[in-house]
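# Structure assessment
For reference, the chains in residue letters:
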Amino acid sequence: MGRVAGASRPPLQGGLPPAGDLAGAAVEIACDESGFSGSNLLDPKTPVFTHASTDLSLTEATELVEALRSDSRWSLDELKSGQLLRGRHADEALVWLLSRLQGRAHVEVVDKEYFLATRVVDLFLSEPSWAAGTRLTAHQRPAAIALHRCGGSRAPEWLAFLAAFVDLVRTKRRHHVDRRVLETFFQARDALAPGVDAEARAVLAALTRTRVRGVVTRLVHDDRTIPPPLEPLLTALADTVLTWSDGRQQVLVVHDEQSALTADRLRRLQQALSDGTDDGGHDRSHRGVLPLAGLVTVDSRDDARVQVADLLAGVARRWPDLGVDSPLRPFLSPTSLRVP
């Protein structure tokens, strides 16, 4: 969202300040996202969502941003990735930026269609949880991959199925299960099934009316044990925290303000990351380490670290190829929700 220079600033939204001083090993990271499209996850203009993080100090980040801005014709409060990539020496600037961030940054890349496939599986084929869609529920990933393959052979029907799912779980301001929307979802499921492989057909067949209606009923009644179904930021944030924590240290997140990052949601996510198990059933409570120590929201104009994270997230979203030879590959988190 654009901000008008000189305009009065509303209070910051979201966040969960840490409870007291951080005990033991801790790291402070700054984060921002790119490609947010609200609940419209099928917007063809933004098929990918990215979330970047860095552990640069404020001094390091300020020097980096000032160096990039000095070689740019832009004189705004914030230097954005589009401006960087259109700069006079874009290639050199990008190489320099990535060299300064080597070993100091990560990027979660989320293919939105694949994210929706994980949502279908995590909501309707298992017990919904705040760890859904992260490395803690990777045992569900084969089913999501099988479902996502439908897009290759049944593109129109696949998009209709995803659109019906989005409409089904977008329950804000609904007070009961909309039977029309529910029937549209099952009609889309049935239209998608012919012509897909056996594994995908099995996933679709497992989407029973009883199960789907039960979960949607819980969503309609604001069951907060179920995470927001259409919010990739929470999934990306969870894996970002687990990456930086690595079972060794707490993570304090400094994040550009996001209304999605409410204290209630962050507390639930904090607990899920602390109590989680991985896909092999192994304990992921990190030997007593609470991975998410807290999250503090800031205005990105006031924090160069967040501006750097925003730059990296924007470059990763716009980069045409994130394959093995991509200069961004070293920063790409292996837990990114993207099908190889």
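Remember, it's a predicted structure, so these values are computed and weren't measured experimentally. (Residues numbered from 1 in each chain as written. Predicted model: local features only at pLDDT ≥ 70, side-chain atom pairs only at ≥ 80, totals over all residues. Heavy atoms only, no water.)

## Some points on the overall build of the protein chain
Along the backbone of the protein chain there are 13 helices and five strands. In the protein chain, which comprises 340 residues, the share counted as buried stands at 52%. (Helix = DSSP H or I, 4+ residues; strand = E, 2+ residues; numbered from the N terminus. Buried < 20%, exposed > 50% of the residue type's maximum accessible area, 1.4 Å probe, protein only.)

## Considerations on the pattern of salt bridges
Enumeration over the complete set of coordinates arrives at 20 salt bridges. Residues Glu 28 and Arg 305 are paired through a salt bridge, measuring 2.6 Å at the closest nitrogen-oxygen approach. Placement of Glu 28 in strand β1 (residues 26–34) and of Arg 305 in helix α13 (residues 304–318) is noted, with a sequence separation of 277 residues between them. Accessibility expressed as a relative area gives 12% for Arg 305, which makes it buried. (Salt bridge = Lys/Arg side-chain N within 4 Å of Asp/Glu carboxyl O.)

## Considerations on the packing of aromatic side chains
If you walk through the whole model with that rule in mind, you get five aromatic pairs. The interplanar angle of 65° and the centroid separation of 6.0 Å between the aromatic rings of Phe 124 and Phe 185 together place this pair among those described as edge-to-face. Within this pair, whereas Phe 124 is found in helix α4 (residues 112–124), its partner Phe 185 is found in helix α8 (residues 179–192), the two being separated by 61 residues in sequence. Seen from their ring centres, Phe 185 and Phe 186 are 5.3 Å apart, and the 75° between their planes marks the pair as edge-to-face. The class of Phe 186 is buried, set by a relative accessible area of 1%. Put simply, the rings of Phe 124, Trp 158, Phe 161, Phe 165, Phe 185 and Phe 186 pair up and form one aromatic cluster. (Phe/Tyr/Trp six-rings, centres within 6.5 Å; stacked < 30°, edge-to-face > 60°.)

## Here we look at the packing of α4 against helix α5 (residues 141–148)
If you want to describe how two helices pack, look at the angle between their axes and the distance between the axes. Relative orientation of the contacting elements α4 and α5 amounts to 125°, with a least axis distance of 8 Å. It follows that α4 is oblique to α5 by the angle criterion. Where α4 crosses over α5, the handedness of that crossing is right-handed. Side by side, α4 and α5 meet where Glu 113, Tyr 114, Ala 117, Thr 118, Val 120 and Val 121 of the first sit next to Arg 141, Ala 143, Ala 144, Ile 145, Leu 147 and His 148 of the second. Looking at the contact of α4 with α5 residue by residue, the classes come out as eight nonpolar, two polar and two charged. (Axes fitted to C-alpha atoms, helices over the stretch in contact; angles between N-to-C directions. Parallel < 35°, antiparallel > 145°, perpendicular 65-115°, else oblique. Left-handed = near helix turned anticlockwise from the far one by under 90°. Contact = heavy atoms within 4.5 Å. Nonpolar A, V, L, I, M, F, W, Y, C, P; charged D, E, K, R; others polar.)

## A look at the pairing of strand β4 (residues 250–256)
Within β4, seven of the seven residues are buried, which leaves it mostly tucked inside the rest of the structure. Residues Gln 250, Leu 252, Val 254 and Asp 256 point to one face of β4 and Val 251, Val 253 and His 255 to the other, with burial holding for every one of them. Where β1 meets β4, six bridges bridge the pair, whose relative direction is parallel. Looking at β4, one finds that Ala 30 is bridged to Val 254. By the bridge criterion, six bridges tie β4 to strand β5 (residues 292–298) in an arrangement that is parallel. Opposite Leu 252, over in β5, you have Gly 294 as the bridge partner. (Pairing = 2+ DSSP bridges.)

## What about α8?
Because the α-helix completes a turn every 3.6 residues, residues three or four places apart line up on one side. Compared with an ideal rise of 1.5 Å per residue, which puts 14 residues at 20 Å, α8 spans 20 Å between its outermost C-alpha atoms and is within 8% of the ideal. Every buried residue of α8 is accounted for by Val 181, Leu 182, Phe 185, Phe 186, Ala 188, Arg 189 and Leu 192. Seen from one end, α8 has its buried residues packed into an arc of 155°, which puts them on one side. Relative to its buried face, α8 has exposed residues pointing more than 90 degrees away, namely Arg 179, Arg 180 and Gln 187. Put simply, Asp 178 is the residue that caps the front of α8, since its side-chain oxygen is 2.9 Å from the backbone nitrogen of Arg 180. (Expected span 1.5 Å × (residues − 1). Arc of directions from axis to C-beta. Polar contact = N/O pair within 3.5 Å; in protein donor to acceptor, adjacent residues only side chain to side chain.)

## Observations concerning α13
For α13, spanning 15 residues, the distance from its first C-alpha to its last is 21 Å, which sits close to the expected 21 Å at 1.5 Å a residue. Across the 15 residues that make up α13, a large majority, 13, are buried.

## Here we look at the confidence of the model for the protein chain
Detailed conclusions should not be drawn from predicted coordinates in areas where pLDDT is low. Residue-level pLDDT values for the protein chain average 88, and 87% of them are 70 or greater. The element-level mean pLDDT for the protein chain is lowest in helix α2 (residues 81–85), coming to 69, with α8 highest at 98. Contacts of residues 1–6 to residues separated by more than four positions or lying in other chains number eight contacts, the stretch itself having pLDDT below 50. Contacts from residues 277–286, a stretch scored under 50 in pLDDT, to residues over four places away or in other chains number 25 contacts. (pLDDT = per-residue confidence, 0-100.)

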